[in-house]
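Analysis of the macromolecular model
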Amino acid sequence: MAAGLDTNKISPETTYTDIGFVQIGAQTIKNANGLNYGLSTMTRVLEKSINTGAVYVERLIGGDTFRKYVAAFGFDKPAGVDLSGEVSGNLKGIEQNIEINYATASFGQGISVTPLAMVDAIAAIANSGKLMRPYIVQKIVSADGQENLTQPQVIRQVISAQAADKLTAMLVSTVRNGYD
């Protein structure tokens, strides 16, 4: 949704008609609960976690653009947190440039991301589209009492502030009206 909003391919009110499945080659993607939601807005796609709606958006923006946004959110690299042993997610599924892999990744299957990367992505939306470096500690105090405060560090602007505002409203609606 972030990529769709940022590229102006969709708005929260954009509609599409869900028939309960999407056919991609020999593969069929269905909604997790097997339901057909009919005419739905993009906000409702999030509220009801409609797999086929996520695929609809991914197809509008295209695989290359989708992959670029997934990477821009940092899902393919360690976040740079001040802990040793941090790992990155695995995006090999969408690096293969296969349509079904893009489609399933659009609703969270076929790639792996770390919990920290997910928190970072949500924080980027909350920070007007800015991906920030995460920190565990607020300050480091050396043996001589010298304090070094950690400072906010912007990694990059992932989506526009306008797209982040729209997505935030959609996510709030998801919490209020979402999936039971």
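In this report, the structure presented in the accompanying data block is examined.

1. Examining unusual backbone geometry
Residue Asn-8 is not a glycine yet carries a positive backbone phi of 60°. Following the sequence through the fold, Asn-8 ends up in the loop between α1 (2-6) and β1 (15-18). On the accessibility criterion, Asn-8 (62% relative accessible area) is exposed. Even without being a glycine, Asn-97 presents a positive backbone phi close to 60°. By the element assignment, Asn-97 lies in the loop between α5 (92-95) and α6 (99-105).

2. Here's the deal with helix α7 (residues 115-126)
Between its terminal C-alpha atoms α7 stretches 17 Å, which fits the 16 Å expected from 12 residues at 1.5 Å a residue. Looking at the packing, one finds that the buried side of α7 touches β5 (130-132) and α8 (161-177). Among the residues trailing α7, Ser-128 stands out with phi positive, at a value near 55°.

3. Re the layout of surface pockets
Put simply, the largest pocket is a space of about 930 Å³. As for the largest pocket, its lining consists of 32 residues, of which Met-1, Leu-46, Ala-105, Ser-106 and Phe-107 are closest to the centre. Those elements that provide at least two residues to the lining of the largest pocket are α1, α2 (42-48), α3 (51-61), α4 (63-72), α7 and α8. Broken down by element, the residue count for the lining of the largest pocket peaks at five residues, all from α3. In the lining of the largest pocket, the residues fall into 24 nonpolar, seven polar and one charged.

Cut-offs used in this document
Residues numbered from 1 in each chain as written. Predicted model: local features only at pLDDT ≥ 70, side-chain atom pairs only at ≥ 80, totals over all residues. Heavy atoms only, no water. Helix = DSSP H or I, 4+ residues; strand = E, 2+ residues; numbered from the N terminus. Buried < 20%, exposed > 50% of the residue type's maximum accessible area, 1.4 Å probe, protein only. Expected span 1.5 Å × (residues − 1). Contact = heavy atoms within 4.5 Å. 1 Å grid on protein atoms, 1.4 Å probe; cavity = no way out; pocket = protein on both sides within 12 Å on 5 of 7 lines; lining within 4 Å. Points joined across faces, edges and corners; volume = space filled by probe spheres on them. Nonpolar A, V, L, I, M, F, W, Y, C, P; charged D, E, K, R; others polar.

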